[in-house]
Amino acid sequence: MISKLLHQAPATSDTERPVPRWALRAAYAVPLLVLPSCLWRLPFAANFPMGQIHATDMPELWIRVPYILGLSVLSEVAALLSIGLVRRWGEIVPGRIPFLGGRRVPPMAAIVPAVAGGAILSVLPVQTVLQWAGAVDPVAYENVWWEILATVCVSPLNLWGPMVLALTWAYYMRRCRPER
């Protein structure tokens, strides 16, 4: 039972054509890059400001809790989908899916949403750059330690979009280009 819950990245790919080792590692790293940001967000649901100095109060509890929990869960699920770009279930729908199981996934059905998501997520670092440049006011913190913790937790999120785009390129090269 426990072995089914814990998934270990394969040493080699189970896809029709081999996946580059860098892509395999990157795909499994994406959910780990998103996780600190998801965990950083959770105390806000309990109205704990994580050292941030807010000009206004947080939204009501009935809005805040489902929003923050939902955003964290959806972010992690979206990050886990990047693994589909390097695994067989990104090429052939798993048999346990009703009506679709066993059918080939059209490459564009994975490429188009991955490129759109990667492009949107690639805009995230713009906010960070604007703060560094002084064009946007940064979030104020009670002390430097809260700011360091926030930076450590949220900064890896800036790599999410570019990594998804790189994984999508590798998926495209593997699925849409003729073998050489």
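In this text, all values refer to a predicted model and were calculated from it rather than measured experimentally. (Residues numbered from 1 in each chain as written. Predicted model: local features only at pLDDT ≥ 70, side-chain atom pairs only at ≥ 80, totals over all residues. Heavy atoms only, no water.)

Engineer: When you look at the packing of helix H2 (residues 21-45) against helix H3 (residues 61-80) in this model, what are you seeing that I'm missing?
Structural biologist: Here H2 crosses H3 at 175 degrees, and the two axes come no closer than 9 Å. Comparing their axes, H3 and H2 come out roughly antiparallel. Judged by residue contacts, Val30, Pro31, Val34, Leu35, Cys38, Arg41, Leu42, Phe44 and Ala45 of H2 engage Leu61, Arg64, Val65, Ile68, Leu69, Leu71, Ser72, Ser75, Glu76, Ala79 and Leu80 from H3. A class-by-class count of the residues in the contact of H2 with H3 yields 15 nonpolar, 2 polar and 3 charged. (Axes fitted to C-alpha atoms, helices over the stretch in contact; angles between N-to-C directions. Helix = DSSP H or I, 4+ residues; strand = E, 2+ residues; numbered from the N terminus. Parallel < 35°, antiparallel > 145°, perpendicular 65-115°, else oblique. Contact = heavy atoms within 4.5 Å. Nonpolar A, V, L, I, M, F, W, Y, C, P; charged D, E, K, R; others polar.)

Engineer: Is there a simple way to think about the packing of H2 against helix H7 (residues 160-175) in this case?
Structural biologist: Each pair of packed helices can be summarised by the angle the axes make with each other and by the distance between the axes. Taken N-terminus to C-terminus, the directions of H2 and H7 make an angle of 150 degrees; their axes are 10 Å apart at the nearest point. Our classification of the angle between H2 and H7 gives roughly antiparallel. H7 is crossed by H2, and the crossing has left-handed handedness. On the side of H2, the interface is formed by Trp22, Ala23, Ala26, Ala27, Ala29, Val30, Leu33 and Val34, while H7 contributes Trp160, Met163, Ala166, Leu167 and Ala170. Of the residues in the contact of H2 with H7, the class split is 13 nonpolar, no polar and no charged. (Left-handed = near helix turned anticlockwise from the far one by under 90°.)

Engineer: I'm lost on the side chain of Arg87 in this one. Help?
Structural biologist: Turning to its location among the elements, Arg87 is positioned in the loop between H3 and helix H4 (107-121). Within the structure, Arg87 has its side chain in polar contact with the side chain of Tyr28 (distance 3.0 Å). (Polar contact = N/O pair within 3.5 Å; in protein donor to acceptor, adjacent residues only side chain to side chain.)

Engineer: I tried to follow the pattern of salt bridges on my own but got confused; where do I start?
Structural biologist: Side chains that differ in charge, positive against negative, can pair when their charged atoms come close. Following the criterion strictly, the structure yields 3 salt bridges and no others. In this structure, Arg104 and Glu16 form a salt bridge, with 2.4 Å as the shortest nitrogen-oxygen distance. Residue Arg104 is located in the loop between H3 and H4, and its partner Glu16 is located in the loop between helix H1 (2-5) and H2; the two are separated by 88 residues in the primary sequence. Using a relative accessible area of 48% as the deciding quantity, one classes Arg104 as partly exposed. A relative accessible area of 46% places Glu16 in the partly exposed class. (Salt bridge = Lys/Arg side-chain N within 4 Å of Asp/Glu carboxyl O. Buried < 20%, exposed > 50% of the residue type's maximum accessible area, 1.4 Å probe, protein only.)

Engineer: What is the right way to look at the environment of Leu121 in this model?
Structural biologist: By secondary structure assignment, the location of Leu121 is in helix H4. Sequence separation between Leu121 and Gly161 is 40 residues; the distance between their C-alpha atoms is 4.3 Å.

Engineer: Explanation requested: the environment of Pro36 in the structure shown.
Structural biologist: Looking at the secondary structure, you find Pro36 in helix H2. Note on Pro36: relative accessible area 24%, which makes it partly exposed. Here the alpha-carbon distance between Pro36 and Val154, two residues 118 residues apart in the chain, equals 6.8 Å.

Engineer: Just checking my understanding: could you explain the nonpolar core for this structure?
Structural biologist: Nonpolar side chains tend to gather and get buried jointly when the protein is soluble and globular. Residues Val86, Trp160 and Leu167 are the most contacted members of the largest nonpolar core, which totals 27 residues. Among the elements of the structure, H2, H4 and H7 are those that each provide at least two residues to this core. Judged by nonpolar contacts, the second largest core, of 8 residues, contains Ala45, Met50, Ile68 and Tyr141. (Core = buried A, V, L, I, M, F, W, Y, C linked by side-chain atoms within 4.5 Å.)

Engineer: Can you help me understand a nonpolar patch on the surface in this one?
Structural biologist: A cluster of nonpolar side chains, contributed by Leu32, Leu35, Leu39, Leu42 and Leu69, occupies part of the molecular surface with about 430 Å² of accessible area. Tallying contributions element by element places H2 first for the nonpolar patch, with 4 residues. Following the sequence through the fold, Leu39 ends up in helix H2. (Patch = residues over 30% accessible without salt bridge, like charges linked within 9 Å, V, L, I, M, F, W, Y side chains within 5 Å. Areas by Shrake-Rupley, 256 points an atom, 1.4 Å probe, with all protein chains shown as cover.)

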